[in-house]
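The lines below spell out each chain.
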Amino acid sequence: MSQIADNIARVQERIEAACDRVKRDPADVCLIAVSKKKPVADIVAAAQAGVQHFGENRVEEAQTKTPQVNRAYDGRLIWHMIGHIQSRKARDVPSLFQTIHSIDSVKIAERLSRVAVQQKTECEALIQVNVSGEGSKGGLAAYQWQKDPALLERLVNDVRVITSLPGIRIVGLMTMAPFLPDPEAVRPVFVQTFALRETLSAQLKLALPHLSMGMTGDFTVAVEEGATMVRIGRAIFGERT
Ligand SMILES: *Cc1c(COP(=O)(O)O)cnc(C)c1O
């Protein structure tokens, strides 16, 4: 077996074990292989090993790589945009990606909505929330939302506006936890994101079935706390240079 296929099998085993611990069905966790900065050959190897979902974080890189992957691999792959989207790049997003995880402001949501409607398409999307409070992370501000009624009201209003837009169909929330050596230390970020989803869903009477959370360092904890999509790069493709 190739190294990448072997890595994928390991990651899948760890997802299954995490599901087992909390009595979840592994079929409810979608593995997204994050292929940013990795060559087309590695993506094809992962696809041949059975991965269907791939995540990229830059529009230009996806524009270069996806046509090459599509030529080299004879099967349907699903592309996820997981990085911040600049306004001037928004017009290229709907044709490249089936799912957008990084709706991190009302402004970009409105821009993507206009673009999708113009292009007569609809994208699945998730709203990124910054639950950790780190300045380096994007997303709607959500740090300590449970203790801050004004912040929650702002979140509810922003999510109401975003979910009412045509062309983007909001299916859940995405978050990034801080990079910490001990994955247990980030469990509260996932717990609070799950609870925020429940609150928004109840207040706005919306189905928000998906939670995109968990990366190489913390995905088993994220799965235990309800992740339905995990975004994994290094554990599949190795370190990025
Ligand atoms: C790079 C990246 C990942 C994957 O990180 P790994 O640590 O390589 O698993 C996941 N999500 C986002 C938003 C990323 O930018």
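Just so it is clear, the structure is predicted and the values come from calculations on it, not from any experiment.

A. View of the site of the ligand. Taken together, the residues surrounding the ligand are Val34, Lys36, Ile82, Met176, Met215, Thr216, Arg231, Ile232, Gly233, Arg234 and Arg240. At a separation of 2.6 Å, an oxygen atom of the ligand approaches a polar side-chain atom of Thr216. Between Arg231 and the ligand, the recorded distance is 2.9 Å, taken from a side-chain N or O atom to a nitrogen atom. Its free accessible area being 390 Å², the ligand has 95% of it covered by the protein chains.

B. Representation of the packing of helix H2 (residues 40-48) against helix H3 (residues 59-72) in the model. Two numbers describe how H2 lies on H3: the axes approach to 10 Å, and their chain directions differ by 50 degrees. What the angle tells us is that H2 and H3 run oblique. For H2 against H3, the interelement crossing comes out right-handed. Here Val40, Ile43 and Val44 of H2 lie close against H3, whose contacting residues are Lys65, Gln68, Val69 and Ala72. Residues of the contact of H2 with H3, tallied by class, amount to five nonpolar, one polar and one charged.

C. Just H2, in detail. Listing the buried residues of H2 in full gives Val40, Asp42, Ile43, Val44, Ala46 and Ala47. Along its buried surface, H2 packs onto helix H1 (3-21), strand E2 (53-56), H3, strand E3 (78-81) and helix H9 (234-237). Of the residues flanking the end of H2, it is Gly50, one or two places downstream, whose phi is positive at about 110 degrees.

D. Expanded view of unusual backbone geometry. The phi dihedral of Lys23 is positive, around 55 degrees, even though this residue is not glycine. Its location among the elements puts Lys23 in the loop between H1 and strand E1 (30-34). You will see that Lys120, though not glycine, has its phi angle at about 55 degrees, which is positive. Relative to the assigned elements, Lys120 resides in the loop between helix H5 (106-118) and strand E5 (123-130).

Parameters at a glance
Residues numbered from 1 in each chain as written. Predicted model: local features only at pLDDT ≥ 70, side-chain atom pairs only at ≥ 80, totals over all residues. Heavy atoms only, no water. Near = heavy atom within 4 Å. Polar contact = N/O pair within 3.5 Å; in protein donor to acceptor, adjacent residues only side chain to side chain. Areas by Shrake-Rupley, 256 points an atom, 1.4 Å probe, with all protein chains shown as cover. Axes fitted to C-alpha atoms, helices over the stretch in contact; angles between N-to-C directions. Helix = DSSP H or I, 4+ residues; strand = E, 2+ residues; numbered from the N terminus. Parallel < 35°, antiparallel > 145°, perpendicular 65-115°, else oblique. Left-handed = near helix turned anticlockwise from the far one by under 90°. Contact = heavy atoms within 4.5 Å. Nonpolar A, V, L, I, M, F, W, Y, C, P; charged D, E, K, R; others polar. Buried < 20%, exposed > 50% of the residue type's maximum accessible area, 1.4 Å probe, protein only.

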